[in-house]
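Residue strings, one per chain:
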Amino acid sequence: MLNITSRLDVMNRLGRAMADPTRSRILLLLLDGPSYPAIITRDLELSRSNVSNHLACLRDCGIVVAELEGRRARYEIADPHLARALSALLETTLAVDEGAQCIDPSCPIEMCATGGAR
């Protein structure tokens, strides 16, 4: 059953989903079109259980939906508005102060936490 969530809830769900690099990679793949867990596993070189857990999180957040096709599930972004918004977000230029240190020492973004190449 689908329901309408508050704007703040939408932002929180999207933030949670995109805060994880693996979920972000899955979303990037799904922006190209629907896919299956086995294909996502292969293309992103992840374990089956890892992909399954992340897809469950994205599904529980309402960001992706699963369409059953016999014994297989095909995943896609839940709403075309969301797909367009994510595509627009990818075109965004961020005003990042390259001299500022990241507050997260385990940040996976190259040159972020250390201020130099990794």
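Everything that follows concerns the structure shown earlier in this document.
Source: prediction; values computed, not measured.

Calculation rules
- Residues numbered from 1 in each chain as written.
- Predicted model: local features only at pLDDT ≥ 70, side-chain atom pairs only at ≥ 80, totals over all residues.
- Heavy atoms only, no water.
- Helix = DSSP H or I, 4+ residues; strand = E, 2+ residues; numbered from the N terminus.
- Buried < 20%, exposed > 50% of the residue type's maximum accessible area, 1.4 Å probe, protein only.
- Contact = heavy atoms within 4.5 Å.
- Phe/Tyr/Trp six-rings, centres within 6.5 Å; stacked < 30°, edge-to-face > 60°.
- Lys NZ or Arg CZ within 6 Å of the ring centre and 35° of its normal.
- Salt bridge = Lys/Arg side-chain N within 4 Å of Asp/Glu carboxyl O.
- Pairing = 2+ DSSP bridges.

1. Some remarks on the overall build of the protein
Right, so step 1: Within the protein one finds 5 helices and 2 strands.
Right, so step 2: For the protein, the α and β elements follow one another from N to C terminus as α-α-α-α-β-β-α.
Right, so step 3: Here the protein holds 118 residues, and 26% of them are scored as buried.

2. Observations regarding the side chain of T22
Right, so step 1: Along the polypeptide, T22 turns up in helix α2 (residues 21-31).
Right, so step 2: The class for T22 is buried, based on a relative accessible area of 15%.
Right, so step 3: Contacts of T22, omitting those with residues within four sequence positions, involve L46, N50 and H54.

3. Re the packing of aromatic side chains
Right, so step 1: The full count for this structure, using the stated rule, is 0 aromatic pairs.
Right, so step 2: The ring of Y36 carries the charged tip of R72 above its face, separated from the ring centre by 3.8 Å.

4. Brief notes about the pattern of salt bridges
Right, so step 1: Evaluation of the coordinates by the stated rule reveals 4 salt bridges.
Right, so step 2: The partner of R74 in a salt bridge is E69, and the shortest N-O contact between them spans 2.4 Å.
Right, so step 3: For E69, a relative accessible area of 31% puts it in the partly exposed group.
Right, so step 4: Here the salt bridges share partners, and the residues they tie into one network are E69, R74 and E76.

5. Overview of the pairing of strand β2 (residues 72-77)
Right, so step 1: Two elements, strand β1 (residues 64-69) and β2, share 6 bridges in a ladder whose sense is antiparallel. Paired with L68 across the two strands is A73, which belongs to β2.
Right, so step 2: Following β1, the chain reverses through 2 residues before pairing antiparallel with β2; G70 in that reversal takes a positive phi of roughly 70 degrees.

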